[in-house]
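# Commentary on secondary and tertiary structure
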Amino acid sequence: MKALAACPNVVAKLSGLGTFLHANDADHIAKVTEITLRLFGADRCLFGSNFPIEKIWTSYSDLFNAYQQATANLPDADRQAIFNDTAARVYRI
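Just so we're clear, the structure is a prediction, and the values are computed from it rather than from any experiment.

This next bit is on the pattern of salt bridges. One pass over the structure, following the stated rule, counts one salt bridge. For E34, the salt bridge goes to R38, with nearest N and O atoms at 3.7 Å. Placement of the pair is E34 and R38 together in helix α2 (residues 26-40), with a separation of four residues, close to one helical turn. Using a relative accessible area of 60% as the deciding quantity, one classes R38 as exposed.

As structure tokens, then:
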């Protein structure tokens, strides 16, 4: 991750963090999100889901809430980047 974060053209998608756990683990999501944000910064991170795969063990609402909780203490501008702006820029939408 550090090597990838050193490349300015690489972004990190916060997605599928429960895939190998087969659970929506809010603590795990918070931990991975914190580390990823520290390495990449909010302007190079974007939220995503691994739906419909994650539907096996969680609802989209519960999953989204876990990411919302993981970023709750961030400045509004960082949350805006993670949940909107980075994806809009990267995917040109």
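On we go.
Our next topic: the packing of α2 against helix α3 (residues 60-70). Angle between the axes and distance between the axes are the two parameters that describe a pair of packed helices. Contact geometry of α2 with α3 gives a least axis separation of 9 Å together with a crossing angle of 50 degrees. By the angle between their directions, the pair α2 and α3 is classed as oblique. Pair α2 / α3 crosses with right-handed handedness. Facing A26, I29, A30 and T33 of α2, the residues of α3 in contact are L63, A66, Y67, Q69 and A70.

Next up on the list: the packing of aromatic side chains. Per the stated rule, a full pass over the model turns up six aromatic pairs. A centroid spacing of 5.3 Å and a plane angle of 80 degrees characterise the contact between F47 and F64, whose relative ring orientation is edge-to-face. Of the two residues, F47 is situated in strand β2 (residues 45-47) and F64 in helix α3; the sequence distance between them amounts to 17 residues. Arranged with centres 5.5 Å apart and planes meeting at 40 degrees, the rings of F47 and F83 form a pair that is tilted.

Here we take up unusual backbone geometry. In this structure, P52 follows F51 across a cis peptide bond, with omega equal to 15 degrees. Its place among the elements puts P52 in the loop between β2 and α3. Although it is not a glycine, H22 adopts a positive phi angle of roughly 55 degrees. Within the element layout of this structure, H22 appears in the loop between β1 (12-14) and α2. Unlike most non-glycine residues, R92 shows phi in positive territory, near 55 degrees.

Definitions and cut-offs
- Within each chain, residue numbers correspond to sequence positions counted from 1 in written order.
- Under the rules for a predicted model, residues below a pLDDT of 70 receive no local features and side-chain atom pairs below 80 are neither given nor counted, while totals for whole chains, interfaces and linings still include all residues.
- Based on all heavy atoms of the structure, the side-chain values leave hydrogens and waters out of the count.
- Here a salt bridge means any side-chain nitrogen of Lys or Arg lying within 4 Å of a carboxyl oxygen belonging to Asp or Glu.
- Helix and strand labels come from DSSP, where a helix needs a run of H or I of at least four residues and a strand needs a run of E of at least two; each type is numbered from the N terminus.
- Exposure is judged per residue with a 1.4 Å probe applied to protein chains only, and the accessible area is read against the type maximum: over 50% gives exposed, under 20% gives buried, and values in between give partly exposed.
- Axis lines are fitted through C-alpha atoms, for helices just across the contact stretch, and the angle between N-to-C directions can take any value from 0 to 180 degrees.
- Working definition: roughly parallel below 35 degrees, roughly antiparallel above 145 degrees, roughly perpendicular at 65 to 115 degrees, and oblique for all remaining angles.
- Helix crossings are classified by the rotation of the near helix relative to the far one: an anticlockwise turn of less than a right angle makes the crossing left-handed, while a clockwise turn makes it right-handed.
- Working rule for contacts: check all heavy atoms of both residues, and any pair within 4.5 Å makes them a contact.
- Working definition: a ring pair exists when centres of Phe, Tyr or Trp rings (six-membered ring for Trp) sit within 6.5 Å. Plane angles under 30 degrees give stacked, over 60 give edge-to-face, the rest tilted.

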